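Descriptive structure summary
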Amino acid sequence: MEKSPIKTPMRKLRRRGTKRVWRLKQKLKLTWKSIKIRVRSHLPGFLATKKRLTFTKSRNQEQELAQVARRICKITNDSTKSLAFLLQLPKYSAADFLDRGDLMTPAASPRENISKMWRELHGSNNWENLLDPLHPWLRREVTKYGEFVESVYDSLDFDPLSEFCGSCRYNRNKLFEELGLTRHGYKVTKYIYAMSHVDVPQWFLTSALGETWSKDSNWMGFVAVSGDSESLRIGRRDIVVAWRGTVTPTEWFMDLRTSKEPFDCEGEHGKNVVKVQSGFFSIYNSKSEHTRYNKESASEQTMEEVRRLVNFFKDRGEEVSLTVTGHSLGGALALMNAYEAARDVPALSGNVSVISFGAPRVGNLAFKERLNQLGVKVLRVVNKQDIVPKLPGIVFNKVLNKLNPITSRLNWVYRHVGTQLKLDVFSSPYVKRDSDLGRSHNLEVYLHVLDGFHSKKSGFRVNARRDVASVNKSTDMLLDHLRIPEFWYQVAHKGLILNKQTGRWVKPVRAPEDIPSPLSTGPRPIYSL
């Protein structure tokens, strides 16, 4: 009788202890499930499946990666943010951006010989089975073309206090040398200038000074051609036309008029006439005898040089391709350029491709169908958060396309062309989650996310090698703990230099060879390649 008062509380305690252990086990199970879900989404392929561990060369490496993932996941259970963001432990830290000379990891991977596969990489099969997962050779080629477009932005004089505002700061013979792009093995053969008779908001850069190099024209891009060694690597002689977009925020696209202009006078008439957005058309086709740099339109300048290069290399018995690339507004100009080249240069038949970044819609259904008939292959690289690819007609177009098959065939509705490679800015563990989404249109952000993309189901590549600091060249998107200055890319001292004799800060005079010169009408020699 004396033992019963003692045994009863002990049983209760045991039952309570058993319940606590059971509840703890259930919590651990739920926690481990959430951890595995986050691991699959934020640590690219580490634990998802063995088939996706393509970068793991041995079982030991796989086990080490799994152990690291488990240790990381034990630290936090916050599913609202990425693991790398919460832990402040991405691949790079502030110490990785200190100059250590030759000990630093190269910013680019070695390039293989792609001559046997160049047609597939150039879009002969519309990049089928090459985008998800993204083929590493294709990633490097698309990045190369993106860097050509970025070089136009980087060398553009956009200082309103400069008399050369809107021009290139370097002559074409040293453009790639100044920007560190000689490794690609291309040579610029011609600069392209453009003007517009239609008021297109904020595309034109002009000097605030009375005297300026041109009151009507802006530098928009260049034509380049692959050298001998690069041509051997890529399997053909590649002609590149690179078009820049605008250096202003993306909001100006919202002000674009939705009116269209007939683009192909030789095509069908009536309901099936090929039309493009009027502002894009004006920039591409405007010219005036009263200007120094646009006596020929941007279209005429480009097509003249493309024909010349094609004829020269075809006469030598070489295989020739044309790759037209552009960002933003430049992506729209690239589509019109490729259309003309495929139509007017028969020697390029089947070898014309477009690589665009954040490009808007350009033309109607007839424009899209005619491009397909001409055999132009288009790869559109698009950021999920970027609004520009949804314009013009961000709401109107989507509604009509989804209503029924009849409205989706309306010829006056804007259409995208080609194959889409869709990226997600926030897949990068180095980007702020509260970033201004307008910055997602930036070309360097595109190239950064492209370098980290492997597939839709895997996260950011841990072996991505492109320089992360480039993201902040003209944005403020990188995480603060990386200590990369915001908007850091600018001319040293904003263009001023110290005159050591007088001790004064002065504005330098441009070298004569870097001053823009009017287009020559005579033939230009093919330089040593």
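For the structure itself, look to the data block above.
Along every chain, residues carry numbers that run from 1 in the direction the sequence is written. For this predicted model, a pLDDT threshold of at least 70 governs which residues receive local features, and a threshold of 80 or more governs which side-chain atom pairs are given and counted, while totals over whole chains, interfaces and linings are taken from all residues. Calculated side-chain values reflect all of the structure's heavy atoms, with hydrogen atoms and water omitted.

1. Some points on the nonpolar core
Ranked by internal contacts, the top residues of the largest apolar core, which has 59 residues, are Phe222, Phe357 and Leu421. The numbering of helices and of strands both runs from the N terminus, where a helix is a DSSP run of H or I of at least 4 residues and a strand a run of E of at least 2. It is helix 5 (residues 136-154) that provides the largest number of residues to this core, a total of 7 residues. Not counting chain neighbours up to four residues away, the residues in contact with Phe357 comprise Val142, Tyr145, Gly146, Thr325, Gly326, His327, Ser328, Val381, Leu443, Tyr446, Leu447 and Leu450. Of all hydrophobic cores here, the second largest spans 45 residues; its members include Leu335, Met336, Tyr339 and Leu348. Only buried residues count toward a nonpolar core. Its members are Ala, Val, Leu, Ile, Met, Phe, Trp, Tyr and Cys residues joined through side-chain atoms within 4.5 Å. Whether a residue is buried, partly exposed or exposed follows from its accessible area with a 1.4 Å probe, protein chains only, as a fraction of its type maximum: under 20%, in between, or over 50%, in that order. Contact definition: two residues touch when any of their heavy atoms are within 4.5 Å.

2. Let's talk about the sheet that holds strand 2 (residues 218-226)
Paired strands, in this sense, are two strands between which DSSP finds at least two bridges. Reading across the sheet, the 7 strands line up as 1-2-3-6-7-8-9 and stay open at both edges, with mixed pairing between neighbours. Each edge of the open sheet is held by one strand with a lone partner, namely strand 1 (186-194) and strand 9 (419-423). The average angle at which neighbouring strand axes cross in this sheet is 15°, direction not considered. Sheet analysis places strand 3 (residues 237-243) next to strand 6 (residues 320-327), joined by 7 bridges and oriented parallel. The partner of Ile239 across the bridge, within strand 6, is Leu322. Axis angles are defined between N-to-C directions and span 0 to 180 degrees, where every axis is a line fitted to C-alpha atoms and, for a helix, only to the segment in contact. Its contacts with the sheet place helix 10 (residues 329-344) against strand 2, strand 3, strand 6, strand 7 (352-357) and strand 8 (377-383), and it is angled at close to 155° to strand 6.

3. Considering the pairing of strand 3
For strand 3, the tally of buried residues reaches 7 of 7 residues, placing the bulk of the element in the interior. Here strand 2 pairs with strand 3 via 5 bridges, running antiparallel. By the bridge assignment for strand 3, Gly221 is matched with Trp243.

4. Remarks on the packing of helix 5 against helix 13 (residues 443-452)
Their axes nearest at 10 Å, the elements helix 5 and helix 13 cross at an angle of 165°. In terms of orientation, helix 5 lies roughly antiparallel with respect to helix 13. As helix 5 runs across helix 13, the sense of the crossing is left-handed. Residues Arg139, Val142, Thr143, Gly146, Glu147, Val149, Glu150 and Tyr153 of helix 5 touch helix 13, and the partners they reach there are Leu443, Glu444, Leu447, Leu450 and Asp451. Three classes are used, and their members are as follows: Ala, Val, Leu, Ile, Met, Phe, Trp, Tyr, Cys and Pro are nonpolar, Asp, Glu, Lys and Arg are charged, and the others, Gly among them, are polar. Taken together, the residues of the contact of helix 5 with helix 13 break down into 6 nonpolar, 2 polar and 5 charged. Geometric relationships in this document are graded by angle, where less than 35 degrees denotes roughly parallel, more than 145 denotes roughly antiparallel, 65 to 115 denotes roughly perpendicular, and other angles denote oblique. Each crossing gets its hand from how the near helix is turned against the far one by less than a right angle, where anticlockwise is left-handed and clockwise is right-handed.

Take it as geometry only, folks, not as evidence of what the structure does.
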